[in-house]
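Here are the chains, one letter per residue:
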2 protein chains.
Amino acid sequence: MTNIAIMGHGTIGSGVAEVLLKNGKHIALKIKDEINIKYILDLRDFPDSPYPEKFIKDFNIILSDPEIKVVAEVMGGLNPAYEFTKSLLLAGKSVVTSNKELVAQKGAELLEIAEKNNVNYLFEASVGGGIPVLRPIAQCLAANELYEVQGILNGTTNFIMTKMVNDGISFDEALSLAQQNGYAEKDPTADIEGHDACRKICILAALAFGKHIYPNSVYTEGITKITSADIAYANFANCQVKLIGRARLTDEGKCIATVYPAFVNNDNQLAHVNGVYNAINVFGDAIGNVMFYGPGAGKLPTASAVVADIIDCVKHLHARKYLSWDDADSSYIADYKDDTVRLYVRLTAKNDRLSVKAKAEQLFGEIKVLGRNGEQDNELAFITPFACEKELDKLLEKLNDCDIISTMRLI
Amino acid sequence: MTNIAIMGHGTIGSGVAEVLLKNGKHIALKIKDEINIKYILDLRDFPDSPYPEKFIKDFNIILSDPEIKVVAEVMGGLNPAYEFTKSLLLAGKSVVTSNKELVAQKGAELLEIAEKNNVNYLFEASVGGGIPVLRPIAQCLAANELYEVQGILNGTTNFIMTKMVNDGISFDEALSLAQQNGYAEKDPTADIEGHDACRKICILAALAFGKHIYPNSVYTEGITKITSADIAYANFANCQVKLIGRARLTDEGKCIATVYPAFVNNDNQLAHVNGVYNAINVFGDAIGNVMFYGPGAGKLPTASAVVADIIDCVKHLHARKYLSWDDADSSYIADYKDDTVRLYVRLTAKNDRLSVKAKAEQLFGEIKVLGRNGEQDNELAFITPFACEKELDKLLEKLNDCDIISTMRLI
């Protein structure tokens with residue numbers, strides 16, 4: 001029997017307990033060992049819980065109990081999760097977590113401490129909820145030089161955009177609906193402004209390319225400005241609008257990491273990922289392209305990933321070492337504006353649409369003009385050829401007699 | 001340094017050598033060990049190879065060399081791969097393979113021998129080519145009770161059907177095209193009759209549910225009878241025609257395993273998997289649905305999976321034990337005709353289409369009548385309600401005055 005502790009009894013924490021209790025026998029048969037939840041740490045009271053004897057409020061009980069070898073940190077937030085995790089690893093206990101904020105900020109440091117103390121720090125649930133993605137990248141694609149990861153990393157925003165497309169409603173209406181369904185928080189900033197997706201692309205990039213990327217070095221743009229007009233133009237172009245977290249290595253080995261809404265071509269599997277689902281595309285030199293798809297959040301799916309990490313720790317009490325990356329200096333990050341892209345541009349001509357179109361053709365060369373139902377007379381939407389984004393920006397500045405309403409990149 | 005041997009220098013075998021040589025430094029950095037190809041076993045001569053000194057023709061050199069701890073069996077076929085693998089495992093050497101035929105026939109036995117000898121028998125490349133799917137199922141979804149796996153498991157047939165849809169060509173034309181592109185063998189039987197997909201669903205079901213299923217207990221139907229009319233009706237029904245390998249547990253814990261072309265609803269991610277790509281949907285009680293997508297065949301993608309298994313073996317010379325299943329008796333397999341399904345039915349009325357339609361409505365209750373461009377006057381296509389397939393068959397027998405041209409199940 002292996003004793004474990006769970007820190008946090010919110011949505012994910014209670015899901016972890018539920019999965020361990022429900023599928024405990026089945027898991028014990030598989031791993032020939034029984035996993036016993038000895039403590040659940042939470043400052044709140046849970047008088048109606050079926051296992052009231054497990055609840056404690058003092059972290060030091062877990063830290064000082066030599067019987068506890070594995071701890072699930074499902075509290076979320078930077079503090080005190082960071083201090084707790086550090087203390088546990090230093091005390092020779094393995095920690096598994098769903099805490100993307102902590103891993104994105106402190107992953108390199110905590111992994112190093114874990115390795116030095118010959119224990120594990122695992123965080124499969126921190127990206128893509130229940131989707132197996134970090135372990136498959138680290139283990140199953142180990143033969144590859146990986147050069148790009150891109151994904152739909154936030155279920156809330158994908159739900160909002162799917163609703164905008166399918167039901168023809170506005171961003172604000174779709175956000176309300178997401179809040180009513182429990183998919184969005186009262187304060188939805190972290191989701192709709194892309195911060196949550198940003199943390200996840202940091203973790204994916206670190207694992208895929210071996211160097212830590214900090215959230216503040218990722219260009220991050222949310223979905224609040226997307227309108228039904230943009231979505232209609234995307235459909236005209238055989239694309240879907242999706243919030244995409246993306247990291248890729250340049251030929252010089254630098255990393256460009258971004259989070260922004262993009263036109264995703266229907267040939268890309270990500271275009272067909274709808275509702276609260278997530279999906280991650282990974283590209284490597286031998287494998288080409290693989291994609292991992294599934295529920296990106298939710299109590300039981302996320303618990304599924306946390307419990308898989310617990311099982312891995314129980315089976316291998318000493319460090320597995322397959323997850324690791326180094327810290328990186330600022331020269332590792334390349335300016336995303338140096339990337340080569342195609343831009344979708346939507347504008348309103350101040351006077352004459354045709355003369356703006358002629359000017360755009362003169363500036364960009366061949367442009368692909370888009371259409372939509374209900375298009376205004378002075379409205380023009382088009383897609384530029386591939387070019388360095390800085391160059392495209394300069395050309396756009398030269399496009400006079402119009403107001404540029406929105407631009408988006410194609411991936 | 002760890003010495004390995006590769007048995008077979010065909011497409012996959014040469015790919016394994018290529019990946020190990022190309023990415024060798026990178027891999028060595030990751031695993032802090034160097035992998036050295038000491039022998040390549042092949043009866044043919046490769047005078048132009050850049051590493052002629054590695055080639056041998058005598059299997060016993062590998063078997064008797066105590067330096068060889070890990071062997072990649074990429075010869076294919078049942079014999080002598082079976083005898084070689086057994087001897088190697090008994091001699092305490094780990095074996096990794098892409099040989100789906102061998103794993104589907106002898107997996108339970110070889111896994112047992114491996115476990116008894118404290119070595120590994122790994123076969124990630126045997127299903128889905130390069131797609132990480134077996135290890136993620138076994139490790140990342142270990143917290144779940146899995147109850148269904150379904151997938152597009154054969155790239156050749158998916159290429160053929162994609163071409164039929166996109167280019168409006170016939171099965172025979174699409175098959176020729178696949179042969180010209182090197183996606184189909186001269187004798188394409190194993191692919192187009194579903195035998196290849198059958199082996200893969202056996203392996204997936206064994207891993208997901210813990211009991212071996214033999215290919216001859218899987219109902220298997222190929223794609224040779226599919227016509228453009230079926231494809232057009234599928235589109236009308238918001239579906240795509242795909243060759244689907246599927247295994248699910250009944251409420252009584254029995255297994256229904258099948259390979260057949262099916263109508264796949266566009267809401268199912270499998271509907272959007274085109275060309276030579278494969279994808280596997282997995283369903284579990286905590287996770288819900290996850291999907292793994294990628295190249296289902298090809299030299300380097302398959303080599304990517306084989307080399308990942310080699311790396312795993314080198315890092316863990318003793319048995320990992322995460323892959324294992326028991327043998328099962330015949331009572332484990334349930335009759336697929338007892339499954340509850342909806343059927344697509346296409347028929348030609350001998351006299352009057354409307355009277356056949358009226359009779360079908362009388363027999364089945366509500367039916368969904370389909371349409372297509374170029375429909376003949378006496379042609380009728382419809383989808384039945386959900387019912388036990390045996391019952392649906394009985395009702396179809398009662399449908400007089402018509403010839404039933406084709407039926408397909410919906411998934």
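Residues numbered from 1 in each chain as written. Chains lettered and ligands numbered in written order. Predicted model: local features only at pLDDT ≥ 70, side-chain atom pairs only at ≥ 80, totals over all residues. Heavy atoms only, no water.

Draft legend 1. Just the overall build of chain A, in detail. Scanning chain A for helices and strands turns up 14 helices and 18 strands. Referenced to the eigenvectors of the C-alpha coordinate spread, the extents of chain A come out at roughly 75 × 45 × 35 Å. Taking all 411 residues of chain A together, the buried fraction comes to 58%. A sequence separation of at least 24 residues applies to 74% of the contacts in chain A between residues at least 6 apart. If you sum the accessible surface of chain A, you get close to 16100 Å²; carbon and sulfur atoms cover 48% of it. Of the charged side chains in chain A, 42 are positive and 53 negative; the average position of the first set lies 3 Å away from that of the second. (Helix = DSSP H or I, 4+ residues; strand = E, 2+ residues; numbered from the N terminus. Buried < 20%, exposed > 50% of the residue type's maximum accessible area, 1.4 Å probe, protein only. Contact = heavy atoms within 4.5 Å. Areas by Shrake-Rupley, 256 points an atom, 1.4 Å probe, with all protein chains shown as cover. Lys, Arg positive; Asp, Glu negative; His and termini not counted. Charge placed at Lys NZ, Arg CZ, Asp CG, Glu CD.)

Draft legend 2. Spatial organisation of the relation of the copies chain A and chain B. For the pair chain A and chain B, the superposition axis carries a translation of 0.0 Å, the fit reaches an RMSD of 0.0 Å, and the rotation angle comes to 180°. Overall, the copies show the geometry of a two-fold rotation axis. Across chain A, the rotation axis passes nearest the C-alpha of Phe292 of chain A, at a separation of 2.5 Å. A shared binding surface is used by both copies, with 100% of the interface residues of chain A retained as interface residues in chain B. (Least-squares fit on C-alpha atoms with pLDDT ≥ 70 in both.)

Draft legend 3. Expanded view of the interface of chain A and chain B. With 45 residues of chain A at the interface, the matching set in chain B holds 45 residues. Note on chain A versus chain B: buried area summed over both sides is about 3800 Å², and carbon and sulfur give 52% of it. One can count four salt bridges joining chain A with chain B. When contributions to the side of chain A that touches chain B are tallied by element, the ones reaching two or more residues are α1 (11-22), α2 (24-31), α6 (134-140), β12 (288-295) and α12 (299-315) of chain A. In the side of chain A that touches chain B, the residues fall into 24 nonpolar, eleven polar and ten charged. By the bridge criterion, three bridges tie β12 of chain A to strand β12 (residues 288-295) of chain B in an arrangement that is antiparallel. (Buried area = accessible area lost by both parts, 1.4 Å probe. Salt bridge = Lys/Arg side-chain N within 4 Å of Asp/Glu carboxyl O. Nonpolar A, V, L, I, M, F, W, Y, C, P; charged D, E, K, R; others polar. Pairing = 2+ DSSP bridges.)

Draft legend 4. Region of the structure containing the nonpolar core. Among the nonpolar cores identified, the biggest contains 236 residues, and Ile310 of chain A together with Ile310 of chain B are the most heavily contacted of them. Those residues in contact with Ile310 of chain A that sit more than four places away from it in its chain are Ile4, Val16, Leu20, Ile35, Val70, Ala72 and Val96 of chain A. Counting 22 residues, the second largest nonpolar core, distinct from the first, contains Tyr260 and Ala271 of chain A together with Ile152 and Ile244 of chain B. (Core = buried A, V, L, I, M, F, W, Y, C linked by side-chain atoms within 4.5 Å.)

Draft legend 5. Local environment of the packing of helix α7 (residues 155-167) of chain A against helix α8 (residues 171-180) of chain A. All names here are of chain A. Taken N-terminus to C-terminus, the directions of α7 and α8 make an angle of 125°; their axes are 9 Å apart at the nearest point. Our classification of the angle between α7 and α8 gives oblique. In this structure, the crossing between α7 and α8 has a hand that is right-handed. Where α7 abuts α8, its residues Phe159, Ile160, Lys163 and Met164 lie against Phe171, Ala174, Leu175, Leu177 and Ala178. Considering only residue class, the contact of α7 with α8 consists of eight nonpolar, no polar and one charged. (Axes fitted to C-alpha atoms, helices over the stretch in contact; angles between N-to-C directions. Parallel < 35°, antiparallel > 145°, perpendicular 65-115°, else oblique. Left-handed = near helix turned anticlockwise from the far one by under 90°.)

Draft legend 6. Quick look at the sheet that holds strand β2 (residues 35-41) of chain B. All names here are of chain B. Spatial ordering of the open sheet is given by β3-β2-β1-β4-β5-β6, a layout of six strands whose pairing is parallel. On the outer flanks of this sheet lie β3 (55-56) and β6 (121-122), each paired with one strand and no other. Two elements, strand β1 (residues 2-7) and β2, share six bridges in a ladder whose sense is parallel. Considered in β2, the bridge of Ile6 is made with Ile40.

Draft legend 7. Here's a closer look at the sheet that holds strand β1 (residues 2-7) of chain A. Residues and elements named next belong to chain A. Strand order in this open sheet of six strands is β3-β2-β1-β4-β5-β6, and the pairing throughout is parallel. Looking at which strands have only one partner, the edges of the open sheet turn out to be β3 (55-56) and β6 (121-122). Running at roughly 155° to β1, α1 makes contact with β1 and β2 (35-41) of the sheet.

Draft legend 8. The arrangement of the pairing of strand β5 (residues 94-97) of chain A in detail. Residues and elements named next belong to chain A. Neither face of β5 is left uncovered, since the one carrying Ser94 and Val96 and the one carrying Val95 and Thr97 both have all their residues buried. The sheet contact formed by strand β4 (residues 68-73) and β5 spans four bridges and is parallel. Residue pairing for β5: Glu73 is matched across the bridge by Thr97. Note on the crossover from β4 through helix α4 (residues 81-90) to β5: the handedness is right-handed. Two strands pair when backbone bridges link them, and β5 and β6 are joined in this way by two bridges, in the parallel orientation. Looking at the pairing, Val95 lines up with Tyr121 of β6. In this region the chain leaves β5, passes through helix α5 (residues 100-116) and returns to the parallel neighbour β6; the handedness of that crossover is right-handed. (Right-handed = clockwise from strand over helix to strand, strands pointing away.)

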